[in-house]
2 protein chains.
Amino acid sequence: MNDRIARRMEDIKPFQVMALLARARELEAQGRSIVHMEIGEPDFITPQPIVEAGIAALRAGRIHYTPAVGLPALREAIANWYSKDAGITVPPERIIVTPGASGALLLAMAALLNPGEAVLMADPGYPCNRYFARLLEGKIIGIPVTEASAYQLSSSHIDSYWTPETRAALVASPANPTGTLLSQTSLAALIESVESRMGTLIVDEIYHGLVYEGRAATALGLSEHALVINSFSKYFGMTGWRLGWLVVPKNFIGAAEKLAQNLFLAASTPAQYAALAAFKLETLKVLETRRVEFQRRRDFLLPGLRSLGFHVPVTPQGAFYIYADCSQFSADSFAFARELLEEIGVAVTPGVDFGCNASRQHLRFAYTTSMEQLQEGLKRLQAYL
Amino acid sequence: MNDRIARRMEDIKPFQVMALLARARELEAQGRSIVHMEIGEPDFITPQPIVEAGIAALRAGRIHYTPAVGLPALREAIANWYSKDAGITVPPERIIVTPGASGALLLAMAALLNPGEAVLMADPGYPCNRYFARLLEGKIIGIPVTEASAYQLSSSHIDSYWTPETRAALVASPANPTGTLLSQTSLAALIESVESRMGTLIVDEIYHGLVYEGRAATALGLSEHALVINSFSKYFGMTGWRLGWLVVPKNFIGAAEKLAQNLFLAASTPAQYAALAAFKLETLKVLETRRVEFQRRRDFLLPGLRSLGFHVPVTPQGAFYIYADCSQFSADSFAFARELLEEIGVAVTPGVDFGCNASRQHLRFAYTTSMEQLQEGLKRLQAYL
Ligand SMILES: Cc1ncc(COP(=O)(O)O)c(C=O)c1O
Ligand SMILES: Cc1ncc(COP(=O)(O)O)c(C=O)c1O
């Protein structure tokens, strides 16, 4: 009776893949070999220059709280990066350093959403997005997206799904779980659609840099009203350091700072000092080698899966995911994922973790493991299917 | 028009002290010497064994996400600590590792509070508490506390202020900004009062370990329903690492894990590995030396302030704060804080940062600076007042 749990917790779901991961670890402990294609982070460790900068900061005693919005030098460095990488001027004042893109998503939604107001988002999509909105008593409108729009929201989705209480739409490019991109044209059209309705587009650019065909356009070049999220987790290889950022319109700077102060106090200090080395030439060289390696893996795994009968209608151009239709093999991808794990020791993420749009027909394969492991995985799948 | 900010942001206030801190930095840049007594974190750096463990983890490539609720070894280590330090058995499953006590406060309130439900808390109190509740559309009932209850909530406050929509009460012992403790008896009475109303007591124990008279009793020894918050920030000297924990009743484990997954993904990995060294004998020896030093500072600053005419009716037994009535000198402690900074280069935190109960009559002095600086500060105050 004392232990009453808030109602929102009925709607907030755990990651289903965790049960599979736990089972995979159990099997490994029993001596089984498991090919891990369920993991949503690079297998690489943090580039050495970043690690060394982190260690130097620790040795120098840089362990106190930083300003809530981040070290001035890091905000500058991120602004410089936009200038060098994308030719875009972003005043450092608009850059809020956060505990991961996770922290940035919370800040963005907390600054935007009133209770009862809705956010449009793609289904399938990154699962946490809907729960940030739920936490804030917002409404989530999950839009079933298909290959027709490369699993992305399009301006015609905005036309169809926008309601009077809709406040914002959220997209990710490259996206999780599909790895697909929004072209600059589509992104511009989305912005136009959302902003003409006096709404705000939130753009999650966490997989920027991990792109294998073309380039991912940043929304910062197209709108001064968009809220743009990024992170040191994926491209920069710093997942466990918990560091990201949020770029806000000028009008939101005060709100974002107040939220950062009260919700986080600040992001990790050693991580921030370490990240100062993320934009160094020697780091960027390492990151480019890794990008090429991810591309090589994709170019191996994607045709391999397709030739086995997995349907992947849109070529994933970025991130490290392949979202594959497995309905040829099973009517229930969750059961199928469990089966693959038990029978052949191949771990993948079931579609249910990303929404409810045809999720029982899909699996997400992550190529966050070595070529050898991917080869072994494909071999096992081939023998089994 | 696109840049509409959510209504909650009207209620969420920035830390007022930040403006003073910025001004202090400006004065310092102009060559003025400033005595900092406004800073809410230890001036000491992280104990060497913890730093070395962090560096070793980085060198070993431990930079990937950990489980959302924390490294199993760290949850064990915290459980062992409760056993050794307080003679209390806490199953590691009930311990959720978080990004600071800040993360723990967010988890606790998100798991407990429905929109419109209220939390009772002391005014003055740690400012962020009310904004976590506000974020979740909860109500905040700030109870004006006085020296009569050592600025703590008492069971008679619960009797007077509990309403049908009250879900929980929150206390901190030692408290910020007052440094006062709840005795084991008072804590037990509070728990009894709250739990007999089918409510939940949240107990923030972040300043445990920094106690100079008696001992702070942990609520874990008194209730299986309380939510208990702690952190590596203050006693363990790890503020910028962003690591804390939340102990939840058994019934809340699932909810807390789902929230940790979705809101944070996980706490910092290097910080978690580093914290494994926090309970080592050699670390604890360093921490004890520091505790003694804090006590020495309090024993110097407190009589000094009192003899100048600051009224401190309750001796602060813990943390590193003195909450002083300055109404003999000024009717507006915020203006007075600004005056002290401009005129004599003494930086303190104005009462308004901690609530609205007699806040214009109070200042918070933090003894998070050296004895020499405290001496200098007192000398300047004496000459000026
Ligand atoms: C699309 C997307 N956004 C945000 C995140 C959160 O990442 P982090 O908090 O580590 O930056 C993830 C992590 O997997 C993601 O896939
Ligand atoms: C009473 C109290 N609780 C919680 C916190 C949050 O600390 P952290 O998030 O660094 O653990 C603080 C920080 O000053 C505090 O004073």
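Residues numbered from 1 in each chain as written. Chains lettered and ligands numbered in written order. Predicted model: local features only at pLDDT ≥ 70, side-chain atom pairs only at ≥ 80, totals over all residues. Heavy atoms only, no water.

As annotated in an unreviewed UniProt entry, chain A carries the name Aminotransferase and is attributed to Nitrosococcus oceani C-27. Of chain A, the UniProt comment under Sequence similarities (unreviewed entry) reads exactly: "Belongs to the class-I pyridoxal-phosphate-dependent aminotransferase family." Under the Cofactor (unreviewed entry) heading, UniProt states for chain A: "pyridoxal 5'-phosphate". (UniProt positions renumbered as here; feature names shortened; annotations may be inferred.)

Peer 1: How should the sheet that holds strand β5 (residues 166–172) of chain B be read in this particular structure?
Peer 2: Through backbone hydrogen bonds, the strands of a sheet pair up, either in parallel or in antiparallel fashion. All names here are of chain B. Strand order in the open sheet made by the seven strands is β2-β8-β7-β6-β5-β3-β4, with mixed pairing throughout. Each of the sheet's edge strands pairs with one partner strand only, and the pair in question is β2 (95–98) and β4 (139–144). Each strand axis lies, on average, 20° off the axis of its neighbour in the sheet, ignoring direction. Bridging between strand β3 (residues 118–123) and β5 involves four bridges; their strand directions are parallel. (Pairing = 2+ DSSP bridges. Helix = DSSP H or I, 4+ residues; strand = E, 2+ residues; numbered from the N terminus. Axes fitted to C-alpha atoms, helices over the stretch in contact; angles between N-to-C directions.)

Peer 1: Just checking my understanding: could you explain the site of ligand 1 for this structure?
Peer 2: Taken together, 14 residues sit near ligand 1, with Ser 102, Asp 204, Ser 231, Ser 233 and Lys 234 of chain A positioned nearest. Nearby residues place ligand 1 at the junction of chains A and B. Separating an oxygen atom of ligand 1 from a side-chain N or O atom of Ser 231 of chain A is a distance of 2.6 Å. The separation between an oxygen atom of ligand 1 and a polar side-chain atom of Ser 233 of chain A is 2.6 Å. Burial of ligand 1 by the protein chains amounts to 97% of its free accessible area of 400 Å². Counting residues per element, the shell around ligand 1 draws most heavily on helix α5 (residues 100–112) of chain A, which supplies three residues. Taken together, the residues that form the shell around ligand 1 break down as six nonpolar, five polar and three charged. (Near = heavy atom within 4 Å. Polar contact = N/O pair within 3.5 Å; in protein donor to acceptor, adjacent residues only side chain to side chain. Areas by Shrake-Rupley, 256 points an atom, 1.4 Å probe, with all protein chains shown as cover. Nonpolar A, V, L, I, M, F, W, Y, C, P; charged D, E, K, R; others polar.)

Peer 1: Please explain the interface of chain B and chain A as it appears in this structure.
Peer 2: Bring the parts together and some accessible area is lost; that lost area is often taken as the interface size. Each partner contributes residues to the interface: chain B has 78 residues there, and chain A has 77 residues. Summed over both sides, the interface between chain B and chain A buries roughly 6,700 Å², with carbon and sulfur atoms accounting for 56% of that surface. A per-residue breakdown of the area chain B buries against chain A is headed by Asn 2, Tyr 65 and Asn 262 of chain B, which together make up 11% of the total. Inspection of the region where chain B meets chain A yields two salt bridges. Here Glu 52 of chain A and Arg 59 of chain B are joined by a salt bridge, their closest N and O atoms 2.9 Å apart. Along the contact surface separating chain B from chain A lie 54 residue pairs in polar contact (both at pLDDT 80 or more). Among the elements of the structure, α1 (8–11), α3 (48–59), α5 (100–112), α6 (128–135), α9 (253–264) and α10 (269–275) of chain B are those that each provide at least two residues to the side of chain B that touches chain A. (Contact = heavy atoms within 4.5 Å. Buried area = accessible area lost by both parts, 1.4 Å probe. Salt bridge = Lys/Arg side-chain N within 4 Å of Asp/Glu carboxyl O.)

Peer 1: What should I look at first to understand the relation of the copies chain B and chain A in this one?
Peer 2: To go from the first copy of the chain to the second, apply a rotation about an axis and then a shift along the same axis. Each copy superposes on the other: chain B lies on chain A with an RMSD of 0.0 Å after a rotation of 180° and an axial shift of 0.0 Å. Both copies are brought into coincidence by an operation consistent with a two-fold rotation axis. (Least-squares fit on C-alpha atoms with pLDDT ≥ 70 in both.)

Peer 1: What is the right way to look at unusual backbone geometry in this model?
Peer 2: Peptide bonds are mostly trans, and most non-glycine residues show a negative phi. Here Ser 173 of chain A and Pro 174 of chain A are connected by a cis peptide whose omega angle stands at -10°. Tracing the sequence through the fold places Pro 174 of chain A in the loop between β5 (166–172) and α8 (184–196). Here Asp 123 of chain B and Pro 124 of chain B are connected by a cis peptide whose omega angle stands at 10°. Within the fold, Pro 124 of chain B resides in the loop between β3 and α6.

Peer 1: Would you take a moment to explain the pattern of salt bridges for this structure?
Peer 2: Note on pairing: side chains with opposite charge can pair once their charged atoms come close. Residue and element names in this part refer to chain A. Within this structure, the stated rule accounts for 37 salt bridges over all chains. With its nearest N and O atoms 3.5 Å apart, the salt bridge here joins Asp 85 to Arg 215. With a gap of 130 residues between them, Asp 85 in helix α4 (residues 72–86) and Arg 215 in the loop between β6 (200–204) and β7 (227–231) connect regions that are remote in the sequence. Overall, Arg 215 belongs to the exposed group, its relative accessible area being 56%. Put simply, Arg 8, Asp 11, Arg 134 and Glu 137 are held in one network by salt bridges that share partners. (Buried < 20%, exposed > 50% of the residue type's maximum accessible area, 1.4 Å probe, protein only.)

Peer 1: Help me understand the pairing of β3 of chain B in this model?
Peer 2: On a regular strand, one side chain projects to one face of the sheet and the next to the other, so that they alternate. All names here are of chain B. Buried residues dominate β3, accounting for six of its six residues. Both β3 and β4 contribute to a ladder of six bridges, which runs parallel. Directly across from Ala 118, in β4, lies its bridge partner Lys 139.

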